[in-house]
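# A look at the structure
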Amino acid sequence: MILAEAFRHFQAGRLSLRYWSGYNMKLHEYQAKEIFSKAGIPTPKGQLITAANQANKATQTVSGPPWVVKAQIHAGGRGKGGGVKVVQSSYDVVVAAESILGKPLVTKQTGDDGVKVNQILIEEGVDIDREFYLGMVVDRATRMPTMIFSQAGGMEIEEVAANTPDLILKEHVNPITGWLPMQAGNLIFKLDPVPPPSVRKGLMTVMANIYKVFLANDCSLVEINPLVTTTDEKVLAVDAKMTIDDNAMYRQKALAELDDPREKDPLELKAEKYGLNYIRLDGSIGAMVNGAGLAMATMDVIKSAGASPANFLDVGGGANEEMISKGFEIILGDRRVKAVLINIFGGILRCDVLARGVLAAAEKKSIRVPLIVRLEGTNVDEGRKILQNSNLKFFVAKDLAEAAELVAQQV
Ligand code: GDP
Ligand code: MN
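Quick caveat, the model's predicted, so the values are computed rather than measured.

Time to look at the nonpolar core. Soluble globular proteins: nonpolar side chains tend toward being buried together. Phe-36, Phe-149, Leu-203, Met-207, Ile-210, Leu-227 and Met-242 are the most contacted members of the largest nonpolar core, which totals 37 residues. Listing elements by their share of this core, those giving two or more residues are helix 2 (29-38), strand 8 (128-139), strand 9 (144-150), helix 7 (181-188), helix 8 (197-216), strand 11 (219-230), strand 12 (235-237) and strand 13 (241-245). Among the elements that take part in this core, helix 8 stands out by supplying 8 residues, more than any other. What Leu-227 contacts, discounting residues up to four positions off in sequence, is Arg-130, Glu-131, Phe-132, Leu-134, Leu-203, Val-206, Val-235, Leu-236 and Ala-237. Counting residues in hydrophobic clusters, the runner-up holds 36 residues, among them Leu-276, Ile-344, Val-353 and Val-369.

Let us now look at the pattern of salt bridges. Under the counting rule described, the total for this entry stands at 24 salt bridges. With a closest N to O distance of 3.4 Å, Asp-232 and Lys-234 form a salt bridge. Notably, a salt bridge pairs Asp-259 with Lys-264, separated by 3.4 Å at the nearest N-O pair.

With that settled, consider helix 5 (residues 90-100). All buried positions along helix 5 are accounted for by Val-93, Val-94, Ala-96, Ala-97 and Ile-100. Down the axis of helix 5, the smallest arc covering the buried residues is 165°, so these residues share one side. With its phi angle positive at about 80°, Gly-102 sits one or two positions after the end of helix 5.

Attention now goes to the site of ligand 1. Close to ligand 1 lie 16 residues, the nearest being Lys-70, Arg-78, Gly-79, Val-126 and Glu-131. Between Lys-70 and ligand 1, the recorded distance is 2.5 Å, taken from a side-chain N or O atom to an oxygen atom. Considering ligand 1 on its own, with 570 Å² of exposed area, one finds that the protein chains cover 78% of that surface. Elements that contribute at least two residues to the shell around ligand 1 include exactly strand 3 (67-71), helix 4 (78-81), strand 4 (84-87), strand 8 and strand 11. Each residue belonging to the shell around ligand 1 can be placed in one class, and the counts come to 7 nonpolar, 5 polar and 4 charged.

So, how was this worked out
Residues numbered from 1 in each chain as written. Chains lettered and ligands numbered in written order. Predicted model: local features only at pLDDT ≥ 70, side-chain atom pairs only at ≥ 80, totals over all residues. Heavy atoms only, no water. Core = buried A, V, L, I, M, F, W, Y, C linked by side-chain atoms within 4.5 Å. Buried < 20%, exposed > 50% of the residue type's maximum accessible area, 1.4 Å probe, protein only. Helix = DSSP H or I, 4+ residues; strand = E, 2+ residues; numbered from the N terminus. Contact = heavy atoms within 4.5 Å. Salt bridge = Lys/Arg side-chain N within 4 Å of Asp/Glu carboxyl O. Arc of directions from axis to C-beta. Near = heavy atom within 4 Å. Polar contact = N/O pair within 3.5 Å; in protein donor to acceptor, adjacent residues only side chain to side chain. Areas by Shrake-Rupley, 256 points an atom, 1.4 Å probe, with all protein chains shown as cover. Nonpolar A, V, L, I, M, F, W, Y, C, P; charged D, E, K, R; others polar.

In short, shape yes, function no, at least from these values alone.
Quick look at the structure:
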């Protein structure tokens, strides 16, 4: 799954270091802020609402003006996409809530369809003096949790890293000593200008507590962007992002409750249920492949034949007939798919099992797109025979290159 998740972001043109730190369960901003707040990281007070008619009441409990109305979706870049509004009256809170809730929000990270906003956070607005970036990830090279700090906060950290790498400061945390106050000093005294003592103290507290949050919750990423200082010298986490390492979910039962499946693609949810490694992409060629490497290679070949893949689907070596059948159903359930390429190298997964799975799915769902099959390996003759004796129409390719040519001709 790590490979697959990285690949998704690579495809979307936003592969960055953080995605290599694993596949992660994301939390919403309001959920992360609750955890922050309990861990001694100050956040603005706020209230979550799920319907616009709750907005006016929220302004009576949350102090303002100004108020900040914030869409709660997993994708970032909400501010630029119109999902974060700073408003000056309770009337405008209601107007903002109505304009955001229940509608798709498009940001740089969501794709063109956007993501539907089911919940918004109404918060007290703060008077921002400076915006910092503060984050923690595991650095693969040193294999240590690493604090990342920058005075170029509020912007995308990838852009800061690309344009002004000098503004990104790092401190590795030795797990034996833990986070040391001296390390906070290393980061804070490099700021220009160095903040006053009360702000320095606030920053040190947040840094120490971020490390605690990171460890206690098995995070692969904690990020505050921006971490702000206010005109009255307070330090506050205005934004919050937390992702939990999937490998730790077995001991993070309480966090698992915070999962929001509405944020996921329904086809991906279905794939997850059947243990299939599936990622939806933007092209029109559905592909069913066994093995992540072969799946990657198949996508490359589809691309070089002039078409583009609609998905990444690795059914894995141990796939059974039901998994194949569900995988095929998922591919066919994607309305963008104009042709399907089945590329199986039968090893542990036998070609006859594959063929039966495909037929089982075809019986349930009428197939309205051309099928191109390339089978090789264990029980290949039996597999081909099963497909040939069915009333399914398909093209058989002798090798991968021909398969890709065939599939590209269909779209
Ligand atoms: P993101 O765009 O998804 O990262 O959402 P953020 O939570 O980071 O909000 C976007 C921007 O809105 C921040 O960078 C701030 O500049 C601004 N913002 C958020 N809260 C406040 C606030 O309380 N007061 C002011 N003045 N600006 C805010
Ligand atoms: Mn942000």
